[in-house]
Amino acid sequence: MTKHVRDPRLDERERDAQAPAPAPEVPQIAYEPGGQPNRSVAARAALARGYGNQAVGRILARDPNPELEAVKKVGHKTGAEVDTALDASPFFKPLIADGVKAGKKADGHVHIHDAATFQTKCVAYLSGKQNPNTGAVFTDDEAKEFAKNVNAYQEGKEIHVHEERGEAATTVHESMHLFANDKWLPKVGFNANEGTTEYFTKKLCAELKLTRGGYYADQYAAVKALVDYVGETYVAEAYFEGKLDELEAAVDKKAGEAGAGTFGKWLGYMKASKYAEAKALT
Ligand SMILES: [Zn+2]
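No experiment lies behind these values; they were computed from the predicted model shown.

Draft legend 1. Seen up close, the side chain of His109. You can see His109 is positioned in the loop between helix H5 (92-101) and strand E2 (110-113). If we skip the residues at most four places from it in the chain, His109 touches Lys157, Glu158, Ile159 and Leu178.

Draft legend 2. Local environment of the pattern of salt bridges. This structure, assessed with the given rule, holds 13 salt bridges. Of the charged contacts in the structure, one is a salt bridge between Glu145 and Lys148, with a shortest N-O distance of 3.1 Å. Judged by its relative accessible area of 46%, Lys148 falls in the partly exposed class. One continuous salt-bridge network, built from bridges that share partners, spans Glu167, Glu198, Lys202 and Arg212.

Draft legend 3. Representation of the pairing of strand E3 (residues 150-155) in the model. With five of its six residues buried, E3 lies for the most part within the structure. Pairing analysis gives four bridges linking E3 to strand E4 (residues 158-162), with the strands arranged antiparallel. Across the sheet, Ala152 pairs through a bridge with Val161, a residue of E4. In this structure, the hairpin formed by E3 and E4 is closed by a connection of two residues, where Gly156 is found at a positive phi of approximately 60°.

Draft legend 4. Here's a closer look at unusual backbone geometry. For Lys209, which is not glycine, the phi dihedral falls at a positive 55°. Summarising the element assignment, Lys209 is placed in the loop between helix H9 (184-208) and helix H10 (217-230). Positive phi values are uncommon outside glycine, yet Tyr216 reaches one of about 45°. Here Tyr216 shows up in the loop between H9 and H10.

Rules used throughout
Residues numbered from 1 in each chain as written. Predicted model: local features only at pLDDT ≥ 70, side-chain atom pairs only at ≥ 80, totals over all residues. Heavy atoms only, no water. Helix = DSSP H or I, 4+ residues; strand = E, 2+ residues; numbered from the N terminus. Contact = heavy atoms within 4.5 Å. Salt bridge = Lys/Arg side-chain N within 4 Å of Asp/Glu carboxyl O. Buried < 20%, exposed > 50% of the residue type's maximum accessible area, 1.4 Å probe, protein only. Pairing = 2+ DSSP bridges.

Quick look at the structure:
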């Protein structure tokens, strides 16, 4: 999530973490909201993702020109394209080598749907899960309405994307998640995970000369500061290879004589969405 070319459609992504933890027995959703998401949504849906193009949808809806009402495909990168890009990257290839050997790949896991199919599948996905806006299980009507503002969602290792929503790199970000080490997310939590995923998304997009908007701006900025502080290799090996102890030791060492526990504090601030405090440590 660097500030590269900023997509004017996407001025929402700031997030709060004020919402109470949801009831654990109701499954939560992992999705990318479009438009202006409720600022509590991401915090309540621990795996929520945030992108938006509702503004474009509104503009198109207002415009009587039939050409503008035609399907506007984003041109999402396919899973196979992301695999190829990672394999061709001197930076990424060694980092994901063990994961690839173990069967990790994006090909076959990125499903790009037309509008009607996406709506049907998304509503089915939401059914029985917790509505982050109410804290209760989605009603059928709520699910239908909610799905209109979802760009993509992830169910297990399967990524489902609306062909007209988000941007081409949306699937790069989503695919990157698939290559993270299994130890990563449980240790670092939602915000640090999204910020780090976005950091590597931007890196791969830069290699591909693919525009990437300012997604997860706060999370990204905090992770970027961590990378600048401790070095990219530690963060990359923690994310892709599960070397979390090494990252922790490196951060604490970098913080000097009284530095023990610094990484733990950083994680705590990230989990609480206290990005300024997290950045102040690095
Ligand atoms: Zn993500």
